[in-house]
Amino acid sequence: MGHKARMLFLISSVSLVGIMLMYVAYHQLYQRGLQAEAKLMISYVHTLERVYKLENKTFVFWDEPYGASLQGQDNCAQPDAAAEVGFIIAGCHRDKAPLPRYAYRIVKEPVGDHYMVEASSGSDSHGRSFVCFQPDQQDVWQSSQNLEFNQIESCW
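Small disclaimer: the values here were computed from a predicted structure and weren't measured. (Residues numbered from 1 in each chain as written. Predicted model: local features only at pLDDT ≥ 70, side-chain atom pairs only at ≥ 80, totals over all residues. Heavy atoms only, no water.)

(A) Seen up close, the state of the cysteines. Counted under the stated rule, the structure contains one disulfide. Each sulfur in the disulfide pair Cys 76 and Cys 92 lies 2.2 Å from the other. Given an S-S torsion of about -70°, the disulfide between Cys 76 and Cys 92 has left-handed geometry. Residue Cys 76 is located in the loop between β2 (73-75) and α2 (80-85), and its partner Cys 92 is located in helix α3 (residues 90-93); the two are separated by 16 residues in the primary sequence. Summarising the burial analysis for this pair, Cys 76 and Cys 92 share the class buried. (Disulfide = S-S within 2.5 Å. Helix = DSSP H or I, 4+ residues; strand = E, 2+ residues; numbered from the N terminus. Buried < 20%, exposed > 50% of the residue type's maximum accessible area, 1.4 Å probe, protein only.)

(B) Fine view of the side chain of His 46. Residue position: His 46 is located in helix α1 (residues 2-56). Within the local environment of His 46, its side chain forms a polar contact with the backbone oxygen of Ser 144, the two atoms lying 3.3 Å apart. Once residues within four sequence positions are removed from consideration, His 46 is found in contact with Tyr 115, Val 117, Ser 143, Ser 144, Gln 145 and Leu 147. (Polar contact = N/O pair within 3.5 Å; in protein donor to acceptor, adjacent residues only side chain to side chain. Contact = heavy atoms within 4.5 Å.)

(C) Layout of a negative patch on the surface. Taken together, the side chains of Asp 63, Glu 64, Asp 80 and Glu 84 make up a negatively charged region of the molecular surface. Listed by contribution, the elements that provide at least two residues to the negative patch are β1 (62-70) and α2. With respect to the helices and strands, Asp 63 occurs in strand β1. (Patch = residues over 30% accessible without salt bridge, like charges linked within 9 Å, V, L, I, M, F, W, Y side chains within 5 Å. Areas by Shrake-Rupley, 256 points an atom, 1.4 Å probe, with all protein chains shown as cover. Salt bridge = Lys/Arg side-chain N within 4 Å of Asp/Glu carboxyl O. Lys, Arg positive; Asp, Glu negative; His and termini not counted. Charge placed at Lys NZ, Arg CZ, Asp CG, Glu CD.)

(D) Fine view of the sheet that holds strand β3 (residues 102-108). Strand order in the open sheet formed by six strands is β2-β1-β3-β4-β5-β6, with antiparallel pairing between adjacent strands. On the outer flanks of this sheet lie β2 and β6 (149-153), each paired with one strand and no other. Direction aside, neighbouring strands of the sheet carry axes that sit 30° apart on average. In the sheet, β3 pairs with strand β4 (residues 115-121) via seven bridges, with the strands oriented antiparallel. Bridge assignment links Tyr 104 to a residue of β4, and that residue is Ala 119. Against the sheet, α1 engages β3, β4, β5 (140-144) and β6, with an angle of about 35° to β3. (Pairing = 2+ DSSP bridges. Axes fitted to C-alpha atoms, helices over the stretch in contact; angles between N-to-C directions.)

(E) Structural view of the side chain of Ser 120. Looking at the element boundaries, Ser 120 is found in strand β4. Take Ser 120: its relative accessible area is 12%, and that puts it in the buried class.

(F) Structural detail: unusual backbone geometry. Look at Gln 71: it is not a glycine, yet its phi comes out positive at around 55°. Take Gln 71: it is sitting in the loop between β1 and β2. Gln 71 sits in the exposed class, given a relative accessible area of 54%. A positive phi angle, near 65°, is found at Leu 147, a position not held by glycine. Mapped onto the elements, Leu 147 comes out in the loop between β5 and β6.

(G) Structural detail: the nonpolar core. Residues Trp 62, Val 85, Phe 87, Ile 89, Tyr 102, Tyr 104 and Ala 119 are the most contacted members of the largest nonpolar core, which totals 26 residues. Within the residue set of this core, elements represented by two or more residues are α1, β1, α2, β3 and β4. At seven residues, the largest contribution of residues to this core is made by α1. The contacts of Phe 87, once residues within four sequence positions are left out, are Met 41, Tyr 44, Val 45, Leu 48, Trp 62, Tyr 66, Gln 78, Ala 82 and Tyr 104. (Core = buried A, V, L, I, M, F, W, Y, C linked by side-chain atoms within 4.5 Å.)

(H) Examining a nonpolar patch on the surface more closely. Nonpolar side chains collect at one region of the surface, where Met 7, Leu 10, Ile 11 and Val 14 lie side by side and expose about 380 Å² of accessible area between them. Here Val 14 shows up in helix α1. With a relative accessible area of 55%, Val 14 lands in the exposed category.

Next comes the structure, spelled out in structure tokens:
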């Protein structure tokens, strides 16, 4: 009887460790996927800005968030500047597209003709994050014109 109990304990211990490792792997995969989404969209904005600058000799900016809702406030109305540069978020303008998880904006730097792209994780009317496992946290990314990505606030 002692041998069966030890085997059962060993199998359950190995199973528990396996489940914990699977959870950590899922958490890391989920986190990297969301961060990749934000970085991809920020890179997309940088490309659009560069093309716009070649054609118009200036950059375009918008201070109001565009994309995911923040504190339940809908931000899917495309700012004129975003339309001018050609930035569109599919989740805001197509029926079957997934809802956006981040809201984006381009702010003008105080010095010169420089800009900063910012991506903030969305949240519902109760402040629960669309991105973070802890509902009261948020994920904020910024990228300067030279494509340096900085995570300003992290929920991971």
